[in-house]
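# Results of the structural survey
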Amino acid sequence: MSQLAANKGSRIIKVLGIVTLIGVLIAVGRIVLRVFNEKSGEPDDSHTGV
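Basis of the calculations
Residues numbered from 1 in each chain as written. Predicted model: local features only at pLDDT ≥ 70, side-chain atom pairs only at ≥ 80, totals over all residues. Heavy atoms only, no water. Helix = DSSP H or I, 4+ residues; strand = E, 2+ residues; numbered from the N terminus. Buried < 20%, exposed > 50% of the residue type's maximum accessible area, 1.4 Å probe, protein only. Areas by Shrake-Rupley, 256 points an atom, 1.4 Å probe, with all protein chains shown as cover. Patch = residues over 30% accessible without salt bridge, like charges linked within 9 Å, V, L, I, M, F, W, Y side chains within 5 Å. Salt bridge = Lys/Arg side-chain N within 4 Å of Asp/Glu carboxyl O.

### What to know about the overall build of the protein chain
- The secondary structure content of the protein chain amounts to one helix and zero strands.
- Each of the 50 residues in the protein chain was classed as buried or not, and the buried ones make up 0%.
- Carbon and sulfur atoms make up 69% of the accessible area of the protein chain, which amounts to about 4800 Å² in all.

Right, here's the structure in full:
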């Protein structure tokens, strides 16, 4: 019985780790896209202002 509980617990920990990793990757991706959008947006704004 304890072996079954240990396997179930390790599976839950693996799933939580994978979900956390995916969440971190999505967060980093959004930050990177936001930085790229800001950098590409600034020269366009300056050209339209001139």
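Now that the structure is up, let's keep going.
### Thoughts on a nonpolar patch on the surface
- A cluster of nonpolar side chains, namely Val 24, Val 28, Val 32 and Phe 36, defines an oily patch on the protein surface of about 350 Å² accessible area.
- By secondary structure assignment, the location of Val 24 is in helix α1 (residues 2-49).
- The exposure class assigned to Val 24 is partly exposed, which follows from its relative accessible area of 45%.

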